[in-house]
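# Working through the structure, step by step
Single-letter residue listing:
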Amino acid sequence: MSDTSSPDHSTSTASDPAPSEGSARPRARVSLAKRLSQADFQAHATRLLAEIYPQRHEEVLRRLETVLDFHRTRLNPRVPEGEPLWSERDQWLITYGDSLQQEGEAPLATLHDFLASRLDDSLSGVHVLPFFPWSSDDGFSVIHYREVNPVLGDWQDIRRLSEHRDLMADLVINHCSRESLWFADYLAGVQPGRDYFIEMDPDTDVSEVVRPRPSALLTPVHTRRGLRHLWATFSDDQIDLNFANPDVLLEFIGILLYYLEQGAGIIRLDAVAFLWKRQGTSCIHLPETHAVVRLLRAIVDHLAPGSLLITETNVPHAENMSYFGLDRLSQHDLTAIEGSAQADEAHLIYQFTLPPLTLHTLTSGDASALTQWATSLPSLPSGCSYFNFTASHDGIGVRALEGLLPDHERDTLVRLVHDFGGYVSMRANPGRADTPYELNISYFDALKGTRRGQDPWQIERFIASQTLMLSLQGIPGLYIHSLTATPNHQEGVERDGHLRAINRRKWQRDELEALLASPNTATHEVFHALKRRMALRRNEPCFHPDADQNVFDVGPDFFVFERVTHEGRRLLFALNVTDQPRVLPLPASWQGVALTDHLCHDKAYDPTMARRPYQAAWLMEQTVRPPAIEVV
């Protein structure tokens, strides 16, 4: 993406009060695009390759330099060097390339037109889920990595999407389709694919391997050399790649750089936690996996500063956090002033705890677990932030709840999802029975009631969930079916034969436009409510991803936290998580202050008045001038 067409990452301007006497000014943490020098890159790459390939690192480094030299002059920065990596204006859409369809038009062109006509000022970026030729799993079993699925459009359509907003593309790095040319090479016993996959003796003990699926880990394959068994973490059509072979790593580095050349500024590392395998281990989060992510980060920071890597690791919260690489920073680094500390792994991680914990909170009417978890989130160094979401193309992962909620609370969510028309996908456990892996349901329908059953508060409860997500520290991602309040798509499950289809409806453009135009539909009400919130958010400096976040425990009925800019401007988020009117107990530091509610057209806030069920507030001091904005 060229400098002239990059999205605006500048920060909104507004009058900021000086910090009150006796209060500490928030720690300045500024995330800027910074190029990793040639000397620093060489040092990083040498060290990391020695960790990944201790016997061959010098050879691999020479080959890596050849790959980088080929791409070096072909890349444009996502943002100019020295400019912010992100700002409060960053709000991203998650969608398939064909989630919107119109007869006679390529779906990617339909998506571009819908964004331009309906959401042009609301979204700074779009994550187009795998848009390559594929054989299963709706795109995540890639056949050709350097081609666009002709059913969707072509590379020109992809580049067009990136001209006025950030584009996130998937690097499906752990596995590929058994219909790929690499796999055909493997079957025939010819290079390069012959050594791209992981053969195992079928009698090998793999009981310690962490599994996301209940299927067999080793899949039988008939080759010219006879029957072989290959590692397949996710399905027998998604064959894991052998990163112990440096040819595979170099291949994917070239693919990553090619995506950047085509306009992608954000690269999502799909299922990266499973990348490296070593017999006798869990084969997840291994040191070599982290070293590969760090090497990719060094390459991006060296050749395309400002481009971002985001890791997709649907695992327990502490394991997910490890992809920031905070364990390699000292406590002094983590409290450094003026953003001098810089982590060296992912720029962003998916906040996998948020979807199931928000669902638990709003269906139980108890914010205690959410408050405790949010309080535990560490301060992040510059160059790191969260990608907050509540729904995506996958189900609602429940592994992130491990250690945060007892099993009986997870099982309550399972029963609720079944009651509201959803399903549950399981995973295998070493030596134990299968356990829930994800909840398959539209997030809108997951919130159609509470533990007591369905009620009239579905729309309010759902809007509350999205307002919460938009308010947290980080960059928000809204799934297209959250914007459109899409209910469970049972027809898709019956047609496609897999549970995730329940949340992957493909809209006909004219049908969706008719619903958006009708004031009496949930689609209209939710879409316009969220669009208004996005318009307010993108002009409020307190929502900058680098602005501090302080959580307050005011009791189980409310989830409350403040966002504070480096200059001391502050905003209080408060959400009634119950289905009853409740009076908000203001935190001590916000008492005795005249407040306005930015979500209620900056009306004066009455602290004695009960908040409606699922009502959220963005409270600010009356002396603070809100940014001028026309909201439609």
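Let us look at the structure shown here. Note that the structure is predicted; figures quoted are calculated from it, not measured.

### A closer look at the overall build of the protein
A count of helical and extended segments in the protein gives 18 helices and 25 strands. Scaling as 2.2 N^0.38, a compact globule of 632 residues should have a C-alpha radius of gyration of about 26 Å, and the protein matches this with 24 Å. For the protein, the spread of C-alpha atoms along the principal axes amounts to about 75 × 55 × 50 Å. Scored against the burial criterion, the 632 residues of the protein give a buried share of 64%. When the accessible area of the protein is evaluated, it comes to approximately 23,400 Å², of which 50% is carbon and sulfur surface. Taken together, the 59 basic and 84 acidic charged side chains of the protein have centroids lying 1 Å from each other.

### Structural notes on empty space enclosed by the protein
With a probe scaled to a water molecule rolled over the atoms, the places where space remains empty come into view. Throughout the structure, instances matching the rule amount to seven cavities of 30 Å³ or more. Put simply, the largest cavity is a space of about 220 Å³. Lining the largest cavity are 21 residues, with Phe234, Asp270, Ala271, Glu312 and Asp394 positioned closest to its centre. Counting residues per element, the ones that place at least two in the lining of the largest cavity are strand E9 (266–270) and strand E15 (432–440).

### Some remarks on the packing of aromatic side chains
Inspection of the entire model under this criterion finds 28 aromatic pairs. With 6.4 Å between their ring centres and 40 degrees between their planes, Trp155 and Tyr259 make a pair best called tilted. Within this pair, whereas Trp155 is found in helix H4 (residues 155–162), its partner Tyr259 is found in helix H6 (residues 246–261), the two being separated by 104 residues in sequence. In this structure Trp155 comes out as buried when scored by relative accessible area, which is 13%. Linked through ring pairs, Trp92, Tyr350, Phe352, Phe387 and Phe389 together constitute an aromatic cluster. In this structure, Lys506 packs its charged tip against the face of Tyr96, placed 5.5 Å from the ring centre.

### Here's the deal with the pattern of salt bridges
The full count for this structure, using the stated rule, is 45 salt bridges. One salt bridge connects Arg505 with Glu511, and the closest N-O pair in it is separated by 2.6 Å. By relative accessible area, Glu511 is classed as partly exposed at 34%. Arg582 is the partner of Asp557 in a salt bridge, and the nearest nitrogen-oxygen pair spans 3.0 Å. Here Asp557, found in the loop between strand E20 (548–552) and strand E21 (558–564), pairs with Arg582, found in the loop between strand E22 (570–576) and strand E23 (595–597); they are 25 residues apart in sequence, far enough to count as distant. A relative accessible area of 27% places Asp557 in the partly exposed class. One salt-bridge network, in which partners are shared between bridges, spans Glu51, Arg294, Asp327, Arg328, Asp344 and Glu345.

### Considerations on the sheet that holds E21
Spatial strand order, E20-E21-E22-E25-E23-E24: six strands in an open sheet with antiparallel pairing. Looking at strand neighbours, the two that pair on one side only are E20 and strand E24 (603–604), the edges of this open sheet. Relative to E22, E21 is paired through seven bridges, and the arrangement is antiparallel. Its bridge partner being in E22, Arg563 is matched across the sheet by Leu571. Sitting on the sheet, helix H14 (residues 458–471) is in contact with E21, E22 and strand E25 (616–621), with an inclination near 155 degrees to E22.

### Some words on the nonpolar core
If you look at the biggest cluster of nonpolar residues, it comprises 179 residues, and the most contacted ones within it are Leu64, Tyr259 and Phe559. Top element by residues in this core is H6. It accounts for eleven residues. The contacts of Tyr259, once residues within four sequence positions are left out, are Phe132, Tyr145, Trp155, Ala169, Asp170, Leu171, Ala264 and Ile267. Val554, Leu572, Leu595 and Leu619 belong to the second-largest nonpolar core, a separate cluster that totals 13 residues.

### Digging into the environment of Thr358
For Thr358, the location among the structural elements is in helix H10 (residues 354–364). In this structure Thr358 comes out as buried when scored by relative accessible area, which is 1%. Taking the C-alpha atoms as reference points, Thr358 and Tyr53, separated by 305 residues in sequence, lie 42 Å from one another. Leaving out residues up to four positions away in the same chain, Thr358 has contacts with Tyr443, Ser465 and Leu468.

### Overview of the pairing of strand E14 (residues 423–429)
Along any regular strand the residues' side chains alternate between the sheet's two faces. Counting buried positions along E14 yields five of seven residues, so the element is predominantly enclosed. Bridge count between E14 and E15: six bridges; the pairing is antiparallel. Residue Val424 lies in a different strand from E15, and its bridge partner there is Leu439. The antiparallel hairpin formed by E14 and E15 contains two residues in its connecting segment, where Gly431 sits at a positive phi of about 70 degrees.

### Focus: the sheet that holds strand E13 (residues 396–397)
In space, the three strands of this open sheet follow the order E13-E15-E14, with antiparallel pairing throughout. Of all strands in the sheet, those bounded by a partner on one side alone are E13 and E14. Judged from the two bridges that link them, E13 and E15 form a sheet pairing that is antiparallel. In the sheet register, Gly397 faces E15, and the bridge partner there is Glu438. Sheet contacts for helix H12 (residues 407–419): E14 and E15; angle to E15, the most-contacted strand, approximately 50 degrees.

### Overview of unusual backbone geometry
Between Gln191 and Pro192 the backbone carries a cis peptide bond, its omega angle lying at 5 degrees. Inspection of the secondary structure assignment puts Pro192 in the loop between helix H5 (181–188) and strand E6 (218–223). The phi dihedral of His601 falls on the positive side, at around 55 degrees, and the residue is not glycine. Within the element layout of this structure, His601 appears in the loop between E23 and E24.

What counts and how
- Residues numbered from 1 in each chain as written.
- Predicted model: local features only at pLDDT ≥ 70, side-chain atom pairs only at ≥ 80, totals over all residues.
- Heavy atoms only, no water.
- Helix = DSSP H or I, 4+ residues; strand = E, 2+ residues; numbered from the N terminus.
- Rg over C-alpha atoms; globule rule 2.2 N^0.38 Å.
- Buried < 20%, exposed > 50% of the residue type's maximum accessible area, 1.4 Å probe, protein only.
- Areas by Shrake-Rupley, 256 points an atom, 1.4 Å probe, with all protein chains shown as cover.
- Lys, Arg positive; Asp, Glu negative; His and termini not counted.
- Charge placed at Lys NZ, Arg CZ, Asp CG, Glu CD.
- 1 Å grid on protein atoms, 1.4 Å probe; cavity = no way out; pocket = protein on both sides within 12 Å on 5 of 7 lines; lining within 4 Å.
- Points joined across faces, edges and corners; volume = space filled by probe spheres on them.
- Phe/Tyr/Trp six-rings, centres within 6.5 Å; stacked < 30°, edge-to-face > 60°.
- Lys NZ or Arg CZ within 6 Å of the ring centre and 35° of its normal.
- Salt bridge = Lys/Arg side-chain N within 4 Å of Asp/Glu carboxyl O.
- Pairing = 2+ DSSP bridges.
- Contact = heavy atoms within 4.5 Å.
- Axes fitted to C-alpha atoms, helices over the stretch in contact; angles between N-to-C directions.
- Core = buried A, V, L, I, M, F, W, Y, C linked by side-chain atoms within 4.5 Å.

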